[in-house]
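Now for the letters of each chain:
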Amino acid sequence: MTLKNIVALTFVFSVHLTVFAQQPQKPNASEIYHNLQDLNFLGSALYVAAHPDDENTRLISYLANDVHARTAYLSLTRGDGGQNLMGPEIRELLGVIRTQELVAARKTDGGQQLFTRANDFGYSKHPDETLAIWNKDEVLSDVVRAIRKFKPDIIVNRFNHRNPGSTHGHHTSSAMLSFEAFDLVGDASKYPETAKEYGIWKPQRLFFNTSWWFYGSQEKFAKADKSKLVSVETGNYYPSLGLSNGEIASLSRSMHKSQGFGSTGTRGNQTEYLEFLKGDFPKDNTDVFSGINTNWTRIDGGEAIGNILNPLAENFNFKDPSAMIPQLLQAYELLKQSKDNHWRSIKLPALQQLILDCGGIYLEAVASTESINPKASYKVSIEAINRSTQPVVLQNITDKYGNKISEGILTLAPNEKQEIEGTITTTATAPSSPYWLNEKGTLGMYAAPKNLIGLPETPAPEKVLFTIQIGRAQMEVTRDVVYKYNDPVDGEVYKPFHVLPEATASIAEKVIIFADQNPKQIPVFVRSGKNRINGTVQLNAPKGWKVSPANQTFTLERSGETTTVYFTVTPPEDQSEGLLRPLIQIGDRYFDQELVTIDYDHIPFQSVLMPSEAKVSRLNIVKKGQNIGYIEGAGDAIPESLTQIGYTVTTIAPSAINTTDLSNYDAIVVGIRAYNTVPELAFTQTALNKYVENGGTLILQYNTSRRLVTEDLAPYPLKLSRDRVTDEFSQVKILASNHKILNSPNKITQADFENWVQERGLYFPNEWSKEFTPILSMKDKGSPQLKGALLVADYGKGHYIYTGLSFFRELPAGVPGAYRLFANLVSLGN
């Protein structure tokens, strides 16, 4: 994070301040004032869309910070099907990253984050396809669950439910499901399980967050009937925060770093439009909560509470917020007696935290180790301090199982830190990991325990409970157990505290290609999750594959230590594929998971447990040439995949293209979205074209049609579009059956297009000059045939290839036909 970002974020209220979920809140007086304003507003808004980064952060920030509404974003998916501009993680691991980016965005703009179990399976052209793959009834039940649990007064859809087929099927589906759920949540006979658990609910109104873009142009929008539109000013400036709403929204938007959505803060007036769809139309068309009681009189006993808290906000003591604690405690005792279970469960913890913040009362529980094993014991350090003059007594400290950590009552004298050491034995029987990945789901749906459905992340596995008395009020305060250490550069660093297995195993290469019958040595990495372990590892292989030796032994002395054992794997004679699965045995216990860690500065450190496996594939494949140059784009695993089949791959720095002797390469491959993300390529096309002219083969993978660093991608005219084929099973027609690219060195047939994953391809060119030969044709159901998936042109002595086929997905997935076709591409000039 840059210094500029850090400075900007320091002005954002502490409840939303840090991206690191484990770091404790330390709000200043302005932030406490902001939180008191939030406390005094009793209204909720739910924003609904399909993916991470679909949300309108301007509107969410406006609702949370200007209106002070309790605001949540329900993202139906976790964005697993997107691309990753930061690193190699795709699919489930990208979903983990994008989940945390959404959590970080909400901590920045003041919202909460919710999900359904829907899996982002990739681009979908129509909601019929989307809802069939998702299992409409299950996703709809999750949307109903979210509404009944959150109980929003207003719901805002990001997308239009009335135009199926005109945009991403996930987008339209999110609006359709929200539109349908609006009426279902009040009917106890619909999804009765959640009606029983959370009660039925009646949202007051449903909106569509429209704009001129949905009308086709600003001119059309200016002429449109706006009688059903509510307009809200979202460009306001918040003096106590030092930021405009647009600046906060941009900071939030910029958390979507894996998607390259960094955003510059805006200042000045901005208007958002909400089209009324259902419910009660607001009397004031500039106030989405118009006519809804959002003050303390909304709840039983609330008038007396409001009579205490509203004057505190109107006459806030910025110099000494602790002076308000006696009145806050009065309100706290009254709120405890309210019969409104919903609002009491929301406002009581918020008021409790406000009291602690006003008094500078800091409570923390830090584990001595970053992780433990199930049913293990660990040491915990407790810090408690009262930095006010209010009388505070620490009556009890227990773990979440009710076991005492300390004996006796402690008086927290002003500004005198108390430090307590204790030991906790966890009763956790299973490791902690993203809960939606613990069981295998389907293409369209993740599996999840019912009590966790909708949560953004797995709850912290260990907690400490503090019983404190402030004045005459007693309260229970819960803190997650965290891990922290001091870094010489960054200082105090927090990490999540995890429960992890005693041992994990992994195979670094997730796809291992055998181009012939020769055996390969396969390294298996074993990691210890505790001190002093020893055991054996075996490598299970598909039928017909041979593995030796039968097992390997290992000994590891320290937790976190790793060792490598080797197995020789011999493929069968004929084409075959399957999975290699390491299995660790320690005593009578078996371990078959891999530990994947994700470490980026803008999100908390992630420990993800996945099935330990690698795909092996015996291919009947022939290649020509040897030396391949690779120009990195947004990130793909093409170099590793080409190395698997015997090529020597050298990365060419974009800045060195114009000064490098490119004739040493039999082919040059350009990574995905390189012409979107690598500015230097605006000045290298002449050198690349010259390489082709002199006999080289240049292969460009897909680029998006917008934000190109140059329009000159090829030696001949070529125009990119948004054309794509999302059905990975769609029929592929061969247009140029005699072309060398389909016949040498491998004969490409229909069988080579079987078992592709997620999609055929994306961002195909839709216009090209006569020098290009289209090789393949394909289409989605109900769409026209597209011929731009693979284009080849001779230029001078060489060959230029542009392909939108999703090799960046197919090769890492070990799809045999994709390997054979890509081998033909790089072999074309040889």
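Source: prediction; values computed, not measured.

Asker: I'm lost on the packing of helix H4 (residues 91-109) against helix H11 (residues 245-253) in this one. Help?
Answerer: How two helices sit against one another is set out by the angle between their axes and by the gap between those axes. Between H4 and H11, the shortest axis-to-axis distance is 8 Å and the interhelical angle comes to 165 degrees. Taken together, the axis directions place H4 and H11 in an arrangement best described as roughly antiparallel. As H4 runs across H11, the sense of the crossing is right-handed. Facing H4, whose interface residues are Ala105, Arg106, Thr108 and Asp109, H11 presents Ile248, Leu251 and Ser252. Of the residues contributing to the contact of H4 with H11, the split by class is 3 nonpolar, 2 polar and 2 charged.

Asker: When you look at the side chain of arginine 117 in this model, what are you seeing that I'm missing?
Answerer: Residue placement: arginine 117 occurs in the loop between strand S3 (112-115) and helix H5 (127-134). In this structure the side chain of arginine 117 is engaged in a polar contact, spanning 2.8 Å, whose partner is the side chain of aspartate 142. Setting aside residues no more than four positions away along its own chain, arginine 117 makes contact with Glu138, Ser141, Asp142, Gly444, Met445, Tyr446, Ala448 and Ile453.

Asker: Sorry if this is basic, but what is going on with the packing of aromatic side chains here?
Answerer: Any aromatic ring pair is given by two values, namely how distant the centres are and how the planes are angled relative to each other. Scanning all chains against the criterion turns up 23 aromatic pairs. Where phenylalanine 276 meets phenylalanine 281, the ring centres are 5.1 Å apart and the plane angle is 85 degrees; that geometry is what we call edge-to-face. Residue classification places phenylalanine 281 among the partly exposed positions, given a relative accessible area of 34%. Where phenylalanine 772 meets tyrosine 800, the ring centres are 5.9 Å apart and the plane angle is 70 degrees; that geometry is what we call edge-to-face. Of this pair, phenylalanine 772 sits in strand S39 (residues 772-774) while tyrosine 800 is found in strand S42 (residues 798-803), placing the two residues 28 residues apart along the sequence. Looking at tyrosine 800, the relative accessible area reads 0%, which means it is buried. These aromatic residues form a ring-pair network of at least three members: Tyr716, Phe772, Tyr795 and Tyr800. Here the guanidinium or amino end of lysine 520 rests over the ring plane of phenylalanine 514, the centre of that ring lying 5.1 Å away.

Asker: Help me out: how do you make sense of the sheet that holds S39 in this one?
Answerer: Sheet strands line up and pair through hydrogen bonds in the backbone, either parallel or antiparallel. Within the open sheet, the 7 strands sit side by side as S33-S32-S34-S35-S42-S41-S39. Their pairing is mixed. Edge positions in the sheet fall to strand S33 (648-651) and S39, since each of these pairs with one other strand and no more. The sheet shows a mean angle of 20 degrees between the axes of neighbouring strands, taken without regard to direction. As paired elements, strand S32 (residues 627-631) and strand S34 (residues 667-670) share 4 bridges and run parallel to each other. Counted as the bridge partner of tyrosine 630 is valine 669 from S34. Taken strand by strand, helix H17 (residues 685-693) contacts S32, S34, strand S35 (697-700), strand S41 (790-795) and S42, and its axis lies near 130 degrees from that of S35.

Asker: When you look at the confidence of the model for the protein in this model, what are you seeing that I'm missing?
Answerer: The predicted coordinates ought not to be read in detail in places where the model reports low pLDDT. Looking at the protein, the pLDDT average stands at 93 and 97% of residues meet or exceed 70. Confidence drops under pLDDT 50 across residues 1-21; counting only partners more than four residues distant or on other chains, this segment forms 53 contacts.

Asker: Can you walk me through the pairing of strand S12 (residues 377-385) in this structure?
Answerer: Regular strands place side chains that alternate from one sheet face to the opposite one. One ladder, built from 6 bridges, connects strand S10 (residues 362-367) with S12; its direction is antiparallel. Bridged to alanine 367 within S12 is valine 380. Taken together, the 8 bridges between S12 and strand S15 (residues 418-425) define a ladder with antiparallel strand orientation. Across the sheet, residue serine 381 finds its bridge partner in S15, namely glutamate 421.

Asker: Help me understand the pattern of salt bridges, please; the structure alone is not making it clear to me.
Answerer: Note on pairing: side chains with opposite charge can pair once their charged atoms come close. Throughout the structure, instances matching the rule amount to 32 salt bridges. Between aspartate 780 and lysine 125 there is a salt bridge, with the nearest N and O atoms lying 3.1 Å from each other. Here lysine 125 lies in the loop between S3 and H5 and aspartate 780 lies in the loop between strand S40 (776-778) and S41, a separation of 655 residues in the sequence. By relative accessible area, which is 23% here, lysine 125 ends up partly exposed. Between lysine 450 and glutamate 193 there is a salt bridge, and its shortest N-O distance comes to 3.2 Å. Taken together, the residues lysine 450 in the loop between S15 and strand S16 (463-470) and glutamate 193 in helix H8 (residues 192-198) connect sequence positions 257 residues apart. Exposure remark for lysine 450: the relative accessible area of 51% places this residue in the exposed category. Judged by its relative accessible area of 43%, glutamate 193 falls in the partly exposed class. One network of salt bridges, in which partners are shared, links Lys26, Glu364, Lys484 and Glu492.

Asker: How do you make sense of the environment of threonine 553 when you look at a structure like this?
Answerer: Its location among the elements puts threonine 553 in strand S25 (residues 552-556). Between the alpha carbons of threonine 553 and valine 565 there is a distance of 8.1 Å; along the sequence they are 12 residues apart. Apart from residues no more than four positions distant in its own chain, threonine 553 is found in contact with Gly535, Thr536 and Val565.

Asker: Could you clarify how one ought to interpret the side chain of arginine 106 in this entry?
Answerer: Summarising the element assignment, arginine 106 is placed in helix H4. Exposure remark for arginine 106: the relative accessible area of 2% places this residue in the buried category. A distance of 2.6 Å separates the side chain of arginine 106 from the side chain of aspartate 109, its partner in a polar contact.

Asker: Mind showing me how you'd approach unusual backbone geometry here?
Answerer: For residues besides glycine, phi is generally negative; the peptide bonds are generally trans as well. For the bond running from serine 548 to proline 549, omega is -5 degrees, close enough to zero to count as cis. With respect to the helices, strands and loops of the structure, proline 549 is situated in the loop between strand S24 (546-548) and S25. With omega at 0 degrees, the peptide bond leading from serine 744 into proline 745 counts as cis. Here proline 745 lies in the loop between strand S37 (732-734) and strand S38 (761-768). Of note in the backbone geometry, aspartate 53 takes a positive phi value of approximately 85 degrees without being a glycine.

What counts and how
- Residues numbered from 1 in each chain as written.
- Predicted model: local features only at pLDDT ≥ 70, side-chain atom pairs only at ≥ 80, totals over all residues.
- Heavy atoms only, no water.
- Axes fitted to C-alpha atoms, helices over the stretch in contact; angles between N-to-C directions.
- Helix = DSSP H or I, 4+ residues; strand = E, 2+ residues; numbered from the N terminus.
- Parallel < 35°, antiparallel > 145°, perpendicular 65-115°, else oblique.
- Left-handed = near helix turned anticlockwise from the far one by under 90°.
- Contact = heavy atoms within 4.5 Å.
- Nonpolar A, V, L, I, M, F, W, Y, C, P; charged D, E, K, R; others polar.
- Polar contact = N/O pair within 3.5 Å; in protein donor to acceptor, adjacent residues only side chain to side chain.
- Phe/Tyr/Trp six-rings, centres within 6.5 Å; stacked < 30°, edge-to-face > 60°.
- Buried < 20%, exposed > 50% of the residue type's maximum accessible area, 1.4 Å probe, protein only.
- Lys NZ or Arg CZ within 6 Å of the ring centre and 35° of its normal.
- Pairing = 2+ DSSP bridges.
- pLDDT = per-residue confidence, 0-100.
- Salt bridge = Lys/Arg side-chain N within 4 Å of Asp/Glu carboxyl O.

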